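Letter by letter, the chains look like this.
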Amino acid sequence: MRLILLGPPGAGKGTQAQRLVAKHGIVQLSTGDMLRAAAAAGTPVGLRAKEIMERGELVPDEVVVAIIADRIGEADARRGFVLDGFPRTVPQAEALDRLLKERGLDLDAVIELKVDEAILMKRIETRIAEMTARGEKVRADDNAEALKKRLDAYRAQTAPLVDYYARTGQLKTVDGMAPIDAVTAEIDRLLRPARPGRSRAKTAGRRASRARAAKTKTARARAARRGPKASRGKAAARATGGKGRKRAAKAAPGSRKKAGRPVAKRGRAGRAGTRKTRAKRLTRAR
Ligand code: ADP
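Parameters at a glance
Residues numbered from 1 in each chain as written. Predicted model: local features only at pLDDT ≥ 70, side-chain atom pairs only at ≥ 80, totals over all residues. Heavy atoms only, no water. Near = heavy atom within 4 Å. Polar contact = N/O pair within 3.5 Å; in protein donor to acceptor, adjacent residues only side chain to side chain. Areas by Shrake-Rupley, 256 points an atom, 1.4 Å probe, with all protein chains shown as cover. Helix = DSSP H or I, 4+ residues; strand = E, 2+ residues; numbered from the N terminus. Nonpolar A, V, L, I, M, F, W, Y, C, P; charged D, E, K, R; others polar. Axes fitted to C-alpha atoms, helices over the stretch in contact; angles between N-to-C directions. Contact = heavy atoms within 4.5 Å. Buried < 20%, exposed > 50% of the residue type's maximum accessible area, 1.4 Å probe, protein only. Pairing = 2+ DSSP bridges. Arc of directions from axis to C-beta. Core = buried A, V, L, I, M, F, W, Y, C linked by side-chain atoms within 4.5 Å. pLDDT = per-residue confidence, 0-100. Expected span 1.5 Å × (residues − 1).

A. Fine view of the site of the ligand. In the vicinity of the ligand, 18 residues are found, and the nearest of them are T31, R36, E57, G85 and R150. K13 places a side-chain nitrogen or oxygen 3.4 Å from an oxygen atom of the ligand. Alone, the ligand offers 550 Å² of accessible surface; in the complex the protein occludes 96% of this. Of all the elements, helix α2 (residues 31-41) adds the most residues to the shell around the ligand, at four residues. Considering only residue class, the shell around the ligand consists of seven nonpolar, four polar and seven charged.

Right, here's the structure in full:
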């Protein structure tokens, strides 16, 4: 399975990516994590990226595209991957299309986590507070100034990807404001293969034909209770031009007696009715 998670900083891409990894046995490819690792390792690319990241700006397209091109070719990515934080610009998306095409691969879906921007700042502030409380190191770009820049960059450069993937028909949008588990459940639902031939119209049709079959069954059972003469119904009617049915109807009450069922025990359908319906009738009469 090959997926893209799309959404602004703090939308929950990382959290959902980890759950997708656990569920589908795929790898999470986060360009942010890879760039941070390169920066920590002190590689020339990493050091260049570090400054850009700390300002909350985007690293040049060719840098991230080169990283992704190498990464998706590695053995552990063969079973599939979830891209988190890539692509972030239209040229990156176009480069990814080319990369996948060259390798004969397809994307299964692009999942957009739609969130209310006003709430994002709050979410990230909470994340920072929680990490600090746990004694964890807070990211250098998790501060109000860099965060504002990251959101601006998202709006200007990444948000157009929503239209880009809507045009290719790969976009699936999820309410990222819902609780984490609800978002996961919604993503699972979207990724579940549609059961062939299970359209709503077909299900309704199937329900109707089941109801018809049940009716026929009840009618047949009733006719059987009435006895052989009554069940002549259709055939007799055809043979006698309609009279047969009338005759069969007339024969019905008698044939019930012949079947040896006392009138009082005819059950709900019987004229006497059940004890309950009789009681009701009595109450109404009073
Ligand atoms: P978030 O999505 O919360 O902003 P990320 O960890 O995905 O955090 O990214 C952190 C930073 O890494 C970005 O602000 C940017 O500088 C850089 N970065 C990550 N992915 C890309 C990308 N695809 N293109 C350009 N820059 C990127």
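B. View of the packing of helix α7 (residues 144-158) against helix α8 (residues 160-168). At their nearest, the axes of α7 and α8 sit 6 Å apart, and the two run at 35° to each other. On the side of α7, the interface is formed by R155, A156, Q157 and T158, while α8 contributes P160, L161 and V162. Tallied by class, residues from the contact of α7 with α8 come to four nonpolar, two polar and one charged.

C. Region of the structure containing the pairing of strand β3 (residues 81-84). Both faces of β3 are covered, namely the face carrying F81 and L83 and the face carrying V82 and D84. Pairing analysis gives four bridges linking strand β1 (residues 2-6) to β3, with the strands arranged parallel. When the sheet's bridge partners are listed, L3 is paired in β3 with V82.

D. Up close: the environment of R155. Here R155 is to be found in helix α7. Put simply, R155 and P8 are 147 residues apart on the chain and 8.1 Å apart in space, counted from C-alpha to C-alpha. Leaving out residues up to four positions away in the same chain, R155 has contacts with E117 and P160. Side chain to side chain, R155 and E117 meet in a polar contact 2.7 Å long.

E. Focus on α2. What α2 keeps buried is the set T31, G32, M34, L35, A38 and A39. End-on view of α2: buried residues confined to an arc of 165°, all on one side of the axis. Opposite the packed face of α2, turned more than 90 degrees from it, sit the exposed residues A40 and A41. The secondary structure elements touched by the buried residues of α2 are β2 (27-30), α3 (44-55), α4 (61-71) and β3. Remark: G42 follows α2 within two positions and exhibits a positive phi of approximately 75°.

F. Molecular detail of unusual backbone geometry. Of note, the bond from F86 into P87 is cis; its omega dihedral lies within 30 degrees of zero at -5°. Relative to the assigned elements, P87 resides in the loop between β3 and α5 (90-102).

G. Broad picture of the nonpolar core. Core analysis: the largest hydrophobic core is formed by 31 residues, its most contacted members being I4, L29, I68, F81, L83, L96 and Y165. Broken down by secondary-structure element, the contributors of at least two residues to this core are β1, β2, α2, α3, α4, β3, α5 and α8. Those residues within four positions of F81 in sequence are excluded, and the remaining contacts are M1, R2, L3, I26, V27, L29, I72 and L100. Counting residues in each nonpolar core, the second largest holds 17 residues, with V82, V115, L120 and L151 among its members.

H. Molecular detail of the sheet that holds β2. The strand order across the open sheet formed by five strands is β2-β3-β1-β4-β5, and the pairing between neighbours is parallel. The open sheet terminates on both sides in strands that have one partner only, identified here as β2 and β5 (171-175). Ignoring which end each strand starts from, the neighbouring axes of this sheet average 25° apart. Summarising the sheet, β2 and β3 pair through four bridges and their orientation is parallel. Bridge pairing links L29 to L83 in β3.

I. Geometry of the confidence of the model for the protein. Residues of the protein with pLDDT of at least 70 account for 74%, and the chain-wide mean is 81. Here helix α12 (residues 243-258) stands out as the element of the protein with the lowest mean pLDDT, 42, in contrast to β1, whose mean of 98 is the highest. Confidence over residues 229-273 falls short of pLDDT 50; this stretch has 35 contacts with residues more than four positions distant or in other chains.

J. Summary view of helix α9 (residues 180-191). For α9, built from twelve residues, the straight-helix expectation of 16 Å at 1.5 Å per residue is met to within 8% by its first-to-last C-alpha distance of 17 Å. Looking only at α9, the buried set comprises V183, T184, I187 and L191. Viewed along the axis of α9, the buried residues span an arc of 100°, placing them on a single side of the element.

K. Structural view of the side chain of T89. Examined against the element boundaries, T89 turns out to sit in the loop between β3 and α5. Among the residues examined, T89 registers a relative accessible area of 6% and is labelled buried. In terms of polar contacts, T89 uses its side chain to reach the side chain of D61, at 3.0 Å. Those residues within four positions of T89 in sequence are excluded, and the remaining contacts are L58, D61, Q157 and L161.

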